[in-house]
Structure formats: C-alpha cells, structure tokens
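# Secondary and tertiary structure notes
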Amino acid sequence: MRRTAKIFAAAAALMAIVLGPPSAWAAPTPIPAPDGTVSAPARTQISFASLSGVRTGTANEHQSRTAMSIAKLYLAEHVVRLGDPADRDAAVEMIRSSDDGIAERLHAKYPGAIGTTTAAFGLIDTRTSGYWGSATTSTYDMVTYLDTKIRTDPGSPVLAAMASAHERAADGTAQDFGTARLPGVIGTKWGWTDDHVSAHASASFGTDFVVAASTYGSAEQLSSDVTAAFTDGRAAPPPVEPLCVPTVPPLCVPGTGTTIP
C-alpha cells in the first residue's frame, strides 16, 4: 500500500473513533469567570466548543495574534482538499513534525492556500500578508476550523496527522504543552515563536470537543493557564493502545492496538 493510501487508512480509523460514542471522561469543562467567559490571565486567550453545541471562550478570544505554526493547519487543509495528491504526504508530515521547510515549499506552490481556507471556513479573525509565517489568527478561529472538520470531515488526514504528532518537532521542540494536557485530547497542533519565549499556542480535539489557546509567554505558562481554566471532575481514561500504519516512520492514531494491513 502506498504511503498516501496508508495515511487515508489511518484517517478512516480516526473517523471511527471520533464518530463513536463519547466517553464519560471526554470533555473538560471550562471554569467561568464572573461575566460568564472563560477565566484566564490577560496574556492568554482560550476558546472551547463541544459537539453538543456549547461554545465559550475568554473575553479576548477574537484577538488576531501571531498564528505561528497553527497556520500550517490552514495550509495543510488546502493541500489535502484541493492540492496535488502527490503533496498530501508532505502536508501530513508538516503537521506531525511542524516542519518549517515543508511549509516553505508548500506555501511557495500554493501561495493562496491560507486565504482559501480562511474563506471556506469563515475564519473571521485570520489574516495573511502573503507569507505563512506572518499569518495571524485567533483561538476562536482555531476552534471554528477544528469544530467544522470534526462535524463534516472527521476522517481528514489533517486530523489524523494531529492525532499522530511526533513527540518532538523538526526543530527539536517537545510537542506536549498547552491544550494537549487536557483530559480526553486525541490530537493537537502546536505553535511557538523562534525564541521559544515570546508566544506559544495549541489547538486540540477530542471525541466530542475542540479547544484552542494562545499566550504571550512560555510553553509552561500556556500549559498552566489552560489547565487552570478547566476542570473535568471525572476519572482519567484507561490507556488505549495506538492504531498504527506500517510506514517509516509509523503513522499511529489512538485505537485498538492493531496494525492496518
């Protein structure tokens, strides 16, 4: 089986997981501030949506901040849906490893990709000046994008790539912070500034929710602000063996522990 076909097989497995019955532990619960918004320091913006229709966020969730590598989601979306099929493997790997080199090549070939995704998904706070690395977005738009994907295209290779992200990015950054630390998360895309200090962001999904956060600060500050903004009040889920596609490197998503032939 060609690698692209294996990626789509993994996406199909992910679709079965996302469309399956939601677990009792799946969705964290936002802690409201007195005005009903999500409570977080001013440096941080957070947005949350559940598939049951609940949507909330911090008072500043519409601020259009540096998108960092979150912009790669919007770039990959265009490549997977509308681009050359030969570029799909690269788009998936760009998400899994947050590889800037791949982003440069794909953006050069599809310079209007982010704008196309912005228009298609109604991302009202997302801006691009013609270069992927200078794009801005909001956590509101991150959640809008992922919420739409899970509802309309849960088998997308973009979601499968988020669910099989490498432990470390292409530049060596640990991909384990922010919304990824909430219970029930299946897949995440992270972003950070080159200095690893000025700003960090993450966007995640579970079986019945999506959540995004961005902060002017470190990865640990983002993690701290996110975990302080949610409570789950439920037991942690039992460990689940990953479902792996026999590629090099292997492509895995949470599943039954079997291998796709």
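Throughout what follows, the structure given in this document is the object of discussion. Just so we're clear, the structure is a prediction, and the values are computed from it rather than from any experiment.

What counts, and where the lines are drawn
- Residues numbered from 1 in each chain as written.
- Predicted model: local features only at pLDDT ≥ 70, side-chain atom pairs only at ≥ 80, totals over all residues.
- Heavy atoms only, no water.
- Core = buried A, V, L, I, M, F, W, Y, C linked by side-chain atoms within 4.5 Å.
- Buried < 20%, exposed > 50% of the residue type's maximum accessible area, 1.4 Å probe, protein only.
- Helix = DSSP H or I, 4+ residues; strand = E, 2+ residues; numbered from the N terminus.
- Contact = heavy atoms within 4.5 Å.
- Pairing = 2+ DSSP bridges.
- Polar contact = N/O pair within 3.5 Å; in protein donor to acceptor, adjacent residues only side chain to side chain.
- Phe/Tyr/Trp six-rings, centres within 6.5 Å; stacked < 30°, edge-to-face > 60°.
- Lys NZ or Arg CZ within 6 Å of the ring centre and 35° of its normal.
- Salt bridge = Lys/Arg side-chain N within 4 Å of Asp/Glu carboxyl O.
- Axes fitted to C-alpha atoms, helices over the stretch in contact; angles between N-to-C directions.
- Left-handed = near helix turned anticlockwise from the far one by under 90°.
- Nonpolar A, V, L, I, M, F, W, Y, C, P; charged D, E, K, R; others polar.
- Parallel < 35°, antiparallel > 145°, perpendicular 65-115°, else oblique.

Counting residues in hydrophobic clusters, the biggest one holds 42 residues, and the most contacted among them are Leu73, Tyr74, Leu75, Met94, Leu106, Tyr145 and Phe205. Those elements that place two or more of their residues in this core are α2 (71–82), α3 (88–97), α4 (100–109), α5 (113–121), α6 (139–152), α7 (157–163), β7 (200–205) and β8 (209–215). Apart from the residues within four sequence positions on either side, Met94 is in contact with Lys72, Leu75, Ala76, Asp99, Ile102, Ala103 and Leu106. Counting residues in each nonpolar core, the second largest holds 17 residues, with Ala169, Leu222, Val226 and Phe230 among its members.

Counting buried residues in strand β2 (residues 44–50) gives 7 out of 7 residues, a clear majority hidden from the surface. What you see with β2 is no split at all: Thr44, Ile46, Phe48 and Ser50 on one side and Gln45, Ser47 and Ala49 on the other are buried throughout. As paired strands, β2 and strand β3 (residues 55–57) are joined by 3 bridges and run antiparallel to one another. Looking at the pairing, Ser47 lines up with Gly57 of β3.

You can see Ser202 is positioned in strand β7. Look at Ser202 and you get buried, because its relative accessible area is 0%. Of the polar contacts made by the side chain of Ser202, one reaches the side chain of Thr179; its length is 2.7 Å. If we skip the residues at most four places from it in the chain, Ser202 touches Ile70, Met142, Phe177, Gly178, Thr179, Thr188, Lys189, Trp190, Val211, Ala212, Ala213 and Leu222.

Evaluation of the coordinates by the stated rule reveals 7 aromatic pairs. In textbook terms, an aromatic cluster arises when at least three aromatic residues are bridged by ring pairs, as seen for Phe48, Phe209 and Phe230. The cationic tip of Arg55 hangs over the ring face of Tyr140; the distance from NZ or CZ to the ring centre is 3.9 Å.

For the rest of this paragraph, the subject is the pattern of salt bridges. Using the criterion set out here, one finds 9 salt bridges in the structure. Asp147 is paired through a salt bridge with Arg151; the nearest N and O atoms lie 3.0 Å apart. With a gap of 4 residues between them, Asp147 and Arg151 both fall in helix α6, about one helical turn apart. A salt bridge links Arg181 to Glu220, with the nearest nitrogen and oxygen atoms 2.9 Å apart.

Considered for burial, the residues of helix α8 (residues 219–228) that qualify are Ala219, Leu222, Ser223, Asp225 and Val226. If you follow the buried residues of α8, they end up packed against β2, β7, β8 and β9 (230–231).

So, on to the packing of α2 against α6. Running from N to C, α2 and α6 cross one another at 35°; their axes reach a closest spacing of 11 Å. In the packing of α2 onto α6, the handedness of the crossing is left-handed. Residues Leu73, Tyr74 and Glu77 of α2 touch α6, and the partners they reach there are Asp141, Met142, Tyr145 and Lys149. Taken together, the residues that form the contact of α2 with α6 break down as 4 nonpolar, no polar and 3 charged.

As a further point, take the packing of α2 against α4. Two elements in contact, α2 and α4, have axes separated by 11 Å at closest approach and are oriented at 50°. As summarised for this structure, α2 and α4 are arranged oblique, according to the angle between their axes. α4 is crossed by α2, and the crossing has left-handed handedness. Contacts between α2 and α4 pair Lys72, Leu75 and Val79 from the former with Asp100, Ala103, Leu106 and His107 from the latter. Residue composition of the contact of α2 with α4, by class: 4 nonpolar, 1 polar and 2 charged.

Structurally, the position occupied by Ala174 is in the loop between α7 and β6 (187–192). When the C-alpha atoms of Ala174 and Trp190 are compared, they prove to be 9.7 Å apart, with 16 residues separating the residues in sequence. Contact partners of Ala174, with chain neighbours within four places excluded, come to Glu167 and Arg168.

What follows concerns the sheet that holds β3. Within the open sheet, the 5 strands sit side by side as β3-β2-β8-β7-β6. Their pairing is antiparallel. This sheet does not close on itself; its edge strands, each paired only once, are β3 and β6. When strand polarity is set aside, the average angle formed by the axes of neighbouring strands in this sheet is 5°.

This paragraph deals with the pairing of β6. Burial within β6 is extensive, with 6 of its 6 residues counted as buried. The alternating pattern of β6 places Gly187, Lys189 and Gly191 and Thr188, Trp190 and Trp192 on opposite faces, both of which are buried. With 6 bridges connecting them, β6 and β7 associate as antiparallel partners. When the sheet's bridge partners are listed, Lys189 is paired in β7 with Ala203.

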